[in-house]
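Fold and contact review
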Amino acid sequence: MTRKAKVLIDGFVLRFPRTGVVNYAFNVIKGLVDSGLCDVEILLQDLGFADQDLAAFAKSLPYRLIEQTDFDARQRSLLGEVWSHPGLLLPLPGTTTRNSAPCDVYHCTDVYYYPCAKAHKNVIMVHDLTTTLYPDTHEALNIEKERQKLAALHDFDHILANSDATKRDIVRFCGIDPGKIATLYLGTDAIYDRPSFISRDELVDSIGVPRDRRYLLSVSTIEPRKNIIGVLQAFEDLVSRTKAYDDIVLVLAGPSGWNNEKLAAFLADYKLQDRVFFTGFVPQKLMPSLYHFAEAFIYLSFYEGFGLPLLEAMKCGTPVITSNISSMPEVVGDCGLLVDPTKPRDASEGLRQLLENQVLSDRFRQSGRARSTQFTWDRHIEALLDIFEVKPVQISPARDSKDHAATPTIANGNSKNGDTYNAGPLVGEEGYASFLAAERWSDAVQRQERLTHIRMMPQPPIFHVLIDGDEDTAFAATVRSCEAQLFPPVSVRPASALKDIDACSGSFLLYLRAGHLLHERALYECARRIIMEPDVDVIYFDEDCISPTGERGRPFLKPDWSPDLLEAANYIGSAACYSLKFAALNMADVKCQYDLLLQCSERAQRVTHLRQILLHRPDTLEDAQPASVLDKEIDALQRRLVRSGREGLVSAVRPNHAAYRIQSKVRGNPLVSIVIPTAAKTVSINGAKRDLIGECVRSIVEKSTYRNIEFVIVDNGDLEQKRLSSAHSFPVRYVTYSQPEVNISRKMNFGAAAAAGDYLLLLNDDTEVITPDWIEKMLRHFEKPHVGIVGGKLLYPDNTIQHAGVVVVHGHPDHVSRGLSQNDLGSYFSNAIVRNYQAVTGAMTLVPTNLFRDVGGYEEGMPLTFNDIDLCMKIWHVGRTVVYDPDVELYHFEGKSATNSYNFDDRDAFYKRWGRSPIDRFYNEFFLSLAPADYSFKLNPRFI
């Protein structure tokens, strides 16, 4: 005997006026009821509704009421504090009450309620994480409530996100397994599907706009996170530049939120009171006409989970200009203008184009309508039913929740029938077997959802695959991995066909080496990211090694975009996807895969890294490579030097391995100011007395081959200058720090202010030079205009590594590879080749003087520690890179010149400034060892 599955839906939000969340709940409930595939009940707080149509709808369906009697005294005491939702963060009571009857699926339409204790499957929709991402635009009480709500997500079986951008944020900020999250795009209300429009005069009369005025439109709640000030600034800039727009007004439609005091002041300051109209809440029946008659729709929100007004405007044929961040590019694609919401002038220029270029405006009207048809409630409900698995339920008194879904079976090999690669690990990676087991499970469970998502994708991209290598067994294996993709490519060809591919809009290229295998969801994950970032030029992803018997291991978890590492090794390799429209600019002169990457990197504006293992290769960067491969890659780097105006030679760091050293020449003879703060100490090291500042300066003078230097010595007023007699063949400036408190940052800034050089070489006095041409090696990196600061390898006196770059793990800076041998190559040559890091130690760094001063130098509010990391973070913040060069070696007698190695006040100041950027872009702290940070694989579940 069978029955329909019973679905209980949280309908609390139906009590409120129609907003995006309310419309979501209404359309989901209605769609599930109309499907006839399940029995639907609604969970309500009471029968009071702000909208009578919603009241009639809710009362026409079976419903359950949550009543005060369902809660104990402690729970009832919380009811008035949780946004008038009595179930917020409170589990359904376990007693046999009306609302605790069993159901097969419990679906929360917003983040309000714990899972139903009697449901076999608990599902929740997350609309956005705006309070987490932009807390400054919300009240403190709402921020705390949202934090508690998000903490409850781990209790759900399935989490729905209304965009890939929201899914990415849930993974990042809530520590949720991506396999538990499905992206289900929203649709629009029926009133927009077949819109009917009242006359323009009737519309403008109803909203109070003069009939002889054209209007621009923005629709949202009037509050800070919607960036209404940015919209006003763009409008003011537009109308103030020419009288051609004297007939243009701005209509801001939507209810008033909070913290809007600045709006009135802005309007008064710029005398816009008669040109900006606030309509308040607009009846839904008027909205299609309001969109339709607008000259353009402007939406510069700082963050949207989906951005439903954009979709509504497009359906009504209104050209759109919106923000180029979060979910908004996913909705608009290339059917509107995308601008930086922090730059009102860009938005103003976009509005001007839409008003003056009729061809452009008409194109967006047409393409916007076409794109909007891809977002429908029918598709959403179809995907939702797949997740609910609402098949007829076999009635059995012994039914248990464990029987709800069978464990999927995964076979070895790779096929179109849902099988995936044999995930047995190669020996040696701690936790990788567990990682692969979790991946197998997730791939099996999520396969149907992903296929449904592919069907729902608006304007899906087109993929072409090229394979470099002879058409042998390895070539055939690569072809099979392409044929087994969830998102199949349009063509798979030999690399010789590179110039024959049509670079049409929306098409993308993968350039694989024979024998390299794509994971079955590689192209699917690329497609998801392309929809989210339609202007992306290059996407790349992580990889591992696969044995001849199909076992996987030796994962390579790559850093985010690292332009300086790319000049040392082809760390991206086959795991890359290029926009063909972009790559076509480089294809005529491409000699090999590495050459394509190097040439594309010179033009790329947007390079995105997917932190997922989506490629399996038979060898790695650590393995020996054929001479033919090395010759082509060295030639590609030599050609790179020519294109970038540099002179130099390229050689392999290790014979027969694809890791390279570029020895380029330094143009000119810039003055380098070596700034050394000192306490003038003489210390004991290994039983011998050592004059720190004297020996440091002597090693520089005697060993360094670069001679255009000056010394800037910052002492405490107690240094006998005769101790530095070895330096007197060079200019020496003495700066005395006379303030009573110890403040290394201020001391460094005093020295930097006195320096005359083009570059500052900031150096501890407890160091000693090993590499004679250390200064030249650092200077050569500044031939690349994007480089901001350079550090090198520092060694303990026993020739073990003290510093080979700084990573941030759990928000805390730490040295990688500390304690390893001087000659240890590191994982994938991490210690042996030039690469980018989040920071390098301040014990020895080279930075352009102007840049140091532009970013404010050392932070004097961090007097003892974290100041060097803060400096590097500021340099990243202005768009310059931090470089580690392993060929620059010095000894560092760490701690011999200072006694305060850690300061909690400095730590707190650092966290206050940089705590909102907790993820290190160059070190995967989810799956790499944290203590020590040595690049070895290790599972580190992290919950932010």
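Scroll up to find the structure.
Residues numbered from 1 in each chain as written. Predicted model: local features only at pLDDT ≥ 70, side-chain atom pairs only at ≥ 80, totals over all residues. Heavy atoms only, no water.

Attention shifts here to the overall build of the protein chain. Scanning the protein chain from N- to C-terminus turns up 29 helices and 39 strands. When burial is assessed residue by residue, the protein chain has 58% of its 944 residues classed as buried. Intrachain contacts of the protein chain at a sequence separation of at least 6 include 73% that bridge at least 24 residues. Looking at the protein chain as shown, the accessible area adds up to about 37,000 Å², and 51% of this sits on carbon and sulfur atoms. (Helix = DSSP H or I, 4+ residues; strand = E, 2+ residues; numbered from the N terminus. Buried < 20%, exposed > 50% of the residue type's maximum accessible area, 1.4 Å probe, protein only. Contact = heavy atoms within 4.5 Å. Areas by Shrake-Rupley, 256 points an atom, 1.4 Å probe, with all protein chains shown as cover.)

Moving on, we come to the pairing of strand β6 (residues 119-126). Here β6 lies mainly inside the structure; seven of its eight residues are buried. Two elements, strand β5 (residues 103-108) and β6, share five bridges in a ladder whose sense is parallel. What sits directly across from Y106, in β6, is N122. Where β6 and strand β7 (residues 158-161) come together, four bridges link them in parallel fashion. Looking at the pairing, V123 lines up with H158 of β7. (Pairing = 2+ DSSP bridges.)

Before going further, it helps to examine the packing of helix α22 (residues 593-603) against helix α23 (residues 627-643). The contact between α22 and α23 brings their axes to 9 Å, and the two run at 20°. Taken together, the axis directions place α22 and α23 in an arrangement best described as roughly parallel. Seen along the crossing, α22 lies across α23 with a hand that is right-handed. Listed contacts from α23 to Y594, D595, L598, Q599, S601 and E602 of α22 are E633, A636, L637, R639, R640 and R643. (Axes fitted to C-alpha atoms, helices over the stretch in contact; angles between N-to-C directions. Parallel < 35°, antiparallel > 145°, perpendicular 65-115°, else oblique. Left-handed = near helix turned anticlockwise from the far one by under 90°.)

Counted according to the given criterion, the structure contains 27 aromatic pairs. Residues F435 and F927 carry aromatic rings whose centres are separated by 5.1 Å and whose planes lie at 75° to one another, so their mutual orientation is edge-to-face. One end of the pair, F435, is in helix α17 (residues 432-456); the other, F927, is in the segment after α29 (904-914), and 492 residues separate them in sequence. For the pair W876 and F922, a centre-to-centre distance of 5.3 Å together with 35° between the ring planes defines the contact as tilted. One end of the pair, W876, is in helix α28 (residues 867-877); the other, F922, is in the segment after α29, and 46 residues separate them in sequence. For W876, a relative accessible area of 12% corresponds to the buried category. You can call F922 buried: its relative accessible area is 3%. The lysine or arginine in question, R15, covers the ring of F16, its NZ or CZ lying 5.3 Å from the ring centre. (Phe/Tyr/Trp six-rings, centres within 6.5 Å; stacked < 30°, edge-to-face > 60°. Lys NZ or Arg CZ within 6 Å of the ring centre and 35° of its normal.)

Another aspect to go through is unusual backbone geometry. Even without being a glycine, N227 presents a positive backbone phi close to 55°. Tracing the sequence through the fold places N227 in the loop between β9 (214-219) and α9 (228-241).

Grouped together as the largest cluster of nonpolar side chains are 100 residues, with contacts concentrated most on L32, L217 and F463. When neighbours within four sequence positions are excluded, L32 is seen to be in contact with V7, I9, C38, V40, I381, L384, L385 and F388. Membership of the second largest hydrophobic core comes to 81 residues, among which are V590, L598, V701 and V888. (Core = buried A, V, L, I, M, F, W, Y, C linked by side-chain atoms within 4.5 Å.)

Another aspect to go through is the packing of α9 against helix α14 (residues 344-356). Packed helix pairs are characterised by how far apart their axes lie and by the angle those axes make with each other. Relative to each other, α9 and α14 sit at 55°, their axes nearing to 8 Å. What the angle tells us is that α9 and α14 run oblique. For the pair α9 and α14, the crossing hand works out as right-handed. Contacts between α9 and α14 involve G230, Q233, A234, D237, L238 and R241 from the first element and P344, R345, A347, S348, E349, L351, R352 and L355 from the second. Of the residues that constitute the contact of α9 with α14, the class distribution is six nonpolar, three polar and five charged. (Nonpolar A, V, L, I, M, F, W, Y, C, P; charged D, E, K, R; others polar.)

Moving on to the pattern of salt bridges. For the structure shown, the criterion picks out 61 salt bridges. Across the salt bridge formed by R617 and D619, the nearest N and O atoms sit 3.3 Å from each other. Taken individually, R617 and D619 each receive the classification buried, so the pair is uniform in this respect. K777 serves as the salt-bridge partner of D773, at 3.5 Å between the closest nitrogen and oxygen. The class of D773 is partly exposed, set by a relative accessible area of 27%. Each of the salt bridges in this network shares a partner with another, and the network as a whole consists of D164, E439, D443, R450, R521, E525, R528, D544 and R552. (Salt bridge = Lys/Arg side-chain N within 4 Å of Asp/Glu carboxyl O.)

The next point concerns the sheet that holds strand β8 (residues 181-183). Judged by pairing direction, the sheet is parallel, and its seven strands sit side by side in the order β4-β3-β2-β5-β6-β7-β8 without closing on themselves. Two strands close off the open sheet at either side, each with one partner strand: β4 (63-65) and β8. Recorded for the sheet is a direction-independent mean angle of 25° between the axes of neighbouring strands. Taken strand by strand, helix α1 (residues 20-35) contacts β2 (5-10), β3 (38-44), β5, β6 and β7, and its axis lies near 150° from that of β3. Packing against the sheet, helix α16 (residues 377-388) makes contact with β2, β5, β6, β7 and β8, and its axis sits at approximately 145° to β6.

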